[in-house]
Amino acid sequence: MKVRVKFKKYGVMKFIGHLDVMRYFQKALRRADIPVAFTKGFSPHMVMSFANPLGVGLTSDGEYFDLEITRPLSTKEAVKRLNEVMVEGMEVLDFVEISGDKKSTGMSIVAAADYLVTDKDGKMDDAFFDGLSRFTEQEKINVMKKTKRSEKEMDIRPLIYEMKRQGNAMYMRVSAGSVSNLKPELVMETYTSFLGLSSKEFRFVLHRLDNYARAEDGALVPLNALGKVIEG
Amino acid sequence: MRKLALDDEILLKIEKPARYIGNEVNSVMKDKETVDIRFAMCFPDVYEIGMSHLGIQILYDMFNKREDVWCERVYSPWIDLDKIMREQNIPLFALESQDPIKEFDFLGITIQYEMCYTNILQVLDLSQIPLYAKDRTKAHPIVIGGGPCTYNPEPLADFFDIFYIGEGETVYNELLDLYKEYKHSDWSRREFLERAARIEGLYIPMLYDVTYKEDGTIDSFKPNHPNAKEKIQKQMVLDITDASYPLKPVVPFIKVTQDRVVLEIMRGCIRGCRFCQAGMLYRPTREKNLKTLKQYAYQMLKNTGHEEISLSSLSSSDYTNLKELVTFLIEEFKEKGINISLPSLRIDAFSLDVMSKVQDVRKSSLTFAPEAGSQRMRDVINKGLTEEMILNGAGQAFEGGWNKVKLYFMLGLPGETEEDMRDIARLADKVARRYYEIPKDQRNGKCQVTASTSFFIPKPFTPFQWATMCDQEEYIAKAHIVNEEMRAQLNQKSLRYNWHEADVTVLEGVFARGDRRVSNVLLEAYRLGCLYDSWSETFQNDLWMQAFENTGTDIAFYNKRERDLDEILPWDFIDIGVTKEFLKREWMRALSGEVTPNCRMQCSGCGVAKYKGGVCIESKGEI
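Because the structure is a prediction, the values reported are computed rather than measured. (Residues numbered from 1 in each chain as written. Chains lettered and ligands numbered in written order. Predicted model: local features only at pLDDT ≥ 70, side-chain atom pairs only at ≥ 80, totals over all residues.)

### Structural notes on the overall build of chain B
Each helix and strand in chain B was counted, giving 20 helices and 19 strands. Dimensions of chain B, computed from the C-alpha atoms along their principal axes, are close to 80 × 65 × 55 Å. Here chain B, with 623 residues, has 48% of them falling under the buried criterion. Contacts spanning at least 24 positions in sequence make up 76% of the contacts within chain B whose residues lie at least 6 apart. (Helix = DSSP H or I, 4+ residues; strand = E, 2+ residues; numbered from the N terminus. Buried ≥ 20, exposed ≤ 12 C-beta atoms within 10 Å, placed from the backbone. Contact = placed C-beta atoms within 7 Å.)

### Concerning the overall build of chain A
A count of helical and extended segments in chain A gives 5 helices and 12 strands. For 232 residues, the compact-globule estimate of 2.2 N^0.38 gives 17 Å, and chain A sits close to it at 19 Å. If one aligns the C-alpha atoms of chain A with their principal axes, the spans along those axes are about 55 × 35 × 35 Å. (Rg over C-alpha atoms; globule rule 2.2 N^0.38 Å.)

### A few points about the domain arrangement of chain A
Residue and element names in this part refer to chain A. Here the domain parsing of chain A yields domain 1 (2-108 + 217-229) and domain 2 (110-214). The gap between the C-alpha centroids of domain 1 and domain 2 is 27 Å. Listed by partner, the interface residues are 17 residues for domain 1 and 16 residues for domain 2. Of all the elements in the fold, those that place two or more residues in the side of domain 1 that touches domain 2 are strand 3 (59-68) and strand 11 (220-222). Among the elements that line the side of domain 1 that touches domain 2, the one with the most residues is strand 3, at 5 residues. Counted by class, the side of domain 1 that touches domain 2 contains 10 nonpolar, 6 polar and 1 charged residues. (Domains from an automatic or database assignment. Nonpolar A, V, L, I, M, F, W, Y, C, P; charged D, E, K, R; others polar.)

### Quick look at the nonpolar core
All names here are of chain B. Of all hydrophobic cores here, the largest spans 207 residues; its most connected members are Ala40, Ile162 and Ala428. Of all the elements, helix 14 (residues 418-436) adds the most residues to this core, at 8 residues. Core analysis: the next-biggest nonpolar cluster, separate from the first, contains 18 residues, Leu263, Met300, Leu301 and Ile338 among them. (Core = buried A, V, L, I, M, F, W, Y, C linked by C-beta atoms within 7 Å.)

### With respect to the sheet that holds strand 3 (residues 106-110) of chain B
Residue and element names in this part refer to chain B. The 6 strands are arranged 2-1-3-4-5-6 in an open sheet whose pairing can be described as mixed. Edge positions in the open sheet fall to strand 2 (69-75) and strand 6 (202-203), since each of these has one partner strand only. Sheet analysis places strand 1 (residues 37-43) next to strand 2, joined by 7 bridges and oriented parallel. By the bridge assignment for strand 2, phenylalanine 39 is matched with cysteine 71. (Pairing = 2+ DSSP bridges.)

### Let's talk about the pairing of strand 4 (residues 90-98) of chain A
If a strand is regular, its side chains alternate between the two faces of the sheet. All names here are of chain A. Pairing geometry for strand 1 (residues 2-9) and strand 4, over 8 bridges, is antiparallel. Of the residues in strand 4, the one forming a bridge with lysine 2 is isoleucine 98. Alignment of strand 4 against strand 12 (residues 228-229), held across 2 bridges, turns out to be antiparallel. Bridge pairing in strand 12 links valine 96 to valine 229.

### Quick word on the interface of chain A and chain B
Note: interface size is frequently given as the accessible area lost on complex formation between the parts. Taken residue by residue, the interface counts 21 residues in chain A and 22 residues in chain B. Residue classes in the side of chain A that touches chain B are distributed as 10 nonpolar, 5 polar and 6 charged.

### A closer look at the sheet that holds strand 15 (residues 366-371) of chain B
Residues and elements named next belong to chain B. Overall, parallel pairing links the 4 strands, which are arranged 15-16-17-18 in an open sheet. Each of the sheet's edge strands pairs with one partner strand only, and the pair in question is strand 15 and strand 18 (495-499). For this sheet, the mean inter-axis angle between neighbouring strands, taken without regard to orientation, is 20°. Direction of pairing for strand 17 (residues 448-455) relative to strand 18: parallel, over a ladder of 5 bridges. Residue pairing across strands places valine 449 opposite leucine 495, the latter belonging to strand 18. Along the sheet face, helix 14 touches strand 15, strand 16 (404-411), strand 17 and strand 18 and points at about 160° away from the line of strand 17. (Axes fitted to C-alpha atoms, helices over the stretch in contact; angles between N-to-C directions.)

### Points about helix 7 (residues 189-196) of chain B
All names here are of chain B. Inspection of helix 7 places Phe192, Leu193 and Ala196 among the buried residues, and these make up the whole buried set. Axial view of helix 7: buried residues confined to an arc of 95°, hence all on one face. The inward-facing, buried residues of helix 7 abut strand 5 (162-164), helix 6 (172-183) and strand 6. (Arc of directions from axis to C-beta.)

### Quick look at the environment of aspartate 161 of chain B
All names here are of chain B. Considering the arrangement of structural elements, one finds aspartate 161 in the loop between strand 4 (142-146) and strand 5. Sequence separation between aspartate 161 and threonine 468 is 307 residues; the distance between their C-alpha atoms is 31 Å. Beyond its immediate stretch of four places on either side in the chain, aspartate 161 contacts Ala133, Ile142, Val143, Ile144, Leu193 and Ile204.

### Some thoughts on unusual backbone geometry
For the bond from arginine 283 of chain B to proline 284 of chain B, the omega torsion is -5°, close enough to zero to count as cis. Along the chain, the position of proline 284 of chain B falls in the loop between helix 8 (277-281) and strand 12 (286-287). If you check the backbone angles, asparagine 52 of chain A has positive phi at about 45° while not being a glycine. Mapping asparagine 52 of chain A onto the fold places it in the loop between strand 2 (48-51) and strand 3. Even without being glycine, glutamine 128 of chain B reaches a positive phi, approximately 65°. Note that glutamine 128 of chain B resides in the loop between helix 5 (117-126) and strand 4.

### What about the environment of proline 100 of chain B?
Here proline 100 of chain B is to be found in the loop between helix 4 (79-88) and strand 3. Each C-alpha atom of the pair proline 100 of chain B and alanine 5 of chain B lies 8.3 Å from the other, and the pair is 95 residues apart in sequence.

### Some thoughts on the domain arrangement of chain B
All names here are of chain B. Per the domain assignment, the segments making up chain B are domain 1 (8-233) and domain 2 (260-358 + 593-623). The centre of domain 1, based on its C-alpha atoms, is set 30 Å off from the matching centre of domain 2. For the side of domain 1 that touches domain 2, a count of residues per class yields 3 nonpolar, 1 polar and no charged.

### Let's talk about the environment of threonine 285 of chain B
All names here are of chain B. The residue threonine 285 is located in the loop between helix 8 and strand 12 in this model. Counting along the chain gives 288 residues from threonine 285 to phenylalanine 573, while the straight-line C-alpha distance between them is 23 Å. Residues contacting threonine 285, with those up to four places away along its chain left out, are Met266, Gly268, Cys269, Ile270, Cys599, Gly614 and Val615.

### Digging into the packing of helix 15 (residues 472-487) of chain B against helix 16 (residues 502-513) of chain B
Residue and element names in this part refer to chain B. The contact between helix 15 and helix 16 brings their axes to 9 Å, and the two run at 135°. One finds that helix 15 runs oblique with respect to helix 16. Taken as a pair, helix 15 and helix 16 cross one another with a handedness that is right-handed. Contacts between helix 15 and helix 16 involve Gln472, Tyr475 and Ile476 from the first element and Ala502, Asp503, Thr505 and Val506 from the second. Classifying every residue of the contact of helix 15 with helix 16 by side-chain character gives 4 nonpolar, 2 polar and 1 charged. (Parallel < 35°, antiparallel > 145°, perpendicular 65-115°, else oblique. Left-handed = near helix turned anticlockwise from the far one by under 90°.)

Structure representation (structure tokens):
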């Protein structure tokens, strides 16, 4: 049976990189006695796939990984057991059954992510947001994107689905996943230089709100909404 | 939420910030207002190395079982953070509370190898604690050292208030209770230390004076206070089954060297190899009860979520119930996706059988430690391994599908001849020949025999403590002889040879057998910028040589001199139970190539029988 686990990552855990978060959950699943399925062979490992790895330094309210389990376990029970073995800065929010179909798991279905960006020194004032509508009204937003070999120009405008002020924070919904992933850092950098400022003048704090997939009707839904609650 | 000692900008700039944030599973948080004693436990190397050390985990757990103590951890900041902390004057902090170490009551440092000595000074320095014990006041933490290097603590004597000689489980409670009294009293720091000197096993260097003869050797080593004992008794736990053991060890976020559950099955070793310090220090051999170990395995795997379990001891093959323990681990945990990692076992039918169950034969290699190439030399060092045993073991392994073998040797052993060195290569070749005796259609391609040599360092409390040591040029010349002989072998294409750095070996030699005066070299090397000397990327031999020159310290005095049997050795004030008479006897037997039987075959009267425990009270002649 395939399940999807949703968790949040906050506080000092933002310094734990993606690979270590994976290791962390492998051990946590054992501590919580979740009946995880293993591969065969001399070094069996858990069948686990993470959606949209979070960079070091970012916090999140909506991270996901998919997992194969060998016997059913209710959503309520699994969330409770996992949270009993979490450290501060990690909280399991959901544990739902998903289709066993390969196309519906992990990274491949992520389409968008929401971010909230604040500034440590409170420099995001009215003047900062003044240019926002002019910025989003542009037809093209060309940026130089560095790849391993070269730099190339690309238009990020189609990848920004929404961008607005929320109090003293910037909210954005951008394209995510394996096809076209837009990093919030790049958006903030582009926006500040659009304002004639440098992003180096700011100490942005980046927080991911959730990861989304496209539902059959084309709407963006949080990844766990594609699964169903397991009754106990 | 805890506030971190380092701000985000620093943490995002340095390598592996997880080294410095604490918060790991099973790390212990307490309210600092409700404890009497705050203890910072330090391993003076980088986090990944320090977190892999069992001894600290044992003491961390044991101290935190006391309600009045909060024990936290601290490791050496890596060079990137070290630089930032110096630039910004950030005091070194403990991982749990993130509070500065200088506010603690104790800073305990485990001293596992000589090449971490500059890191000890780094930890003191970054903590903003005076480096010299004599310069500290009641406002500073008590700096206490423990671990194998404290069996000759003299090179570090000036920097420590106390050395705890022996196993940590015995007298710490007494010391902590005394400290509580001191904290609420008007005793001076020195008065506290004088009282602590009454506790068994505690060595307080400032309460002793050393004088030297004209030739540089020690003339006298005497207490300067009535409380200080002439002889410090090694501390030892007789019943290690009932000793405190951490069933909820801290689980690091990042991958560390020992990323698994470690079951300590035994302390001590019955073998008595004459170069081996641990083999003498931890006598008598004591085993942990099998039933207890089985329970521990369950609980520790459950509490940590680790996917691997391994056994710890000096010589696991000598654990009486090894077969039953290993079979239990395989049957109980293999199906649950737990890897069983076996320490280097003696190669025989049983160990090959279990190894084929827990690892992929084609990928793994087998390890033998003959330590010397010729039988003559193996008799000198009392390594009870014959060529026949090695070739038989290798043969069985090859027939079982293995084709990679590692062989470990030492160069520069006492009385070594050129033939002994060449025999290293010849033995490696014989192992390869054994492989090619297997019909071509039944073997798995070519074999690979890798011989590695390290350079012999005479250690305190071994029969070789009086021996002379080679210098760098001699060591390298020896390695070249072996290398040349390797190339002359029939199966040279199947043989690989590599050898250790000789410059580090020379320094280890000086600090292993040094006296109080070599602390000057250490401090000078640290001031010149030496740090992380056990890491090849940061080791700077030229700075070390500069430090010897600047302080006028003669390496040859410490390394090349064969010591007289009646010379006062810097570590003579410690009583490890094994008598000096026994060590002398063993040194003589070594010189004449006589083998001494292991503790289970026959008692050789080393002296530890006085503790009336462990192998000394087992019935003899059964194994």
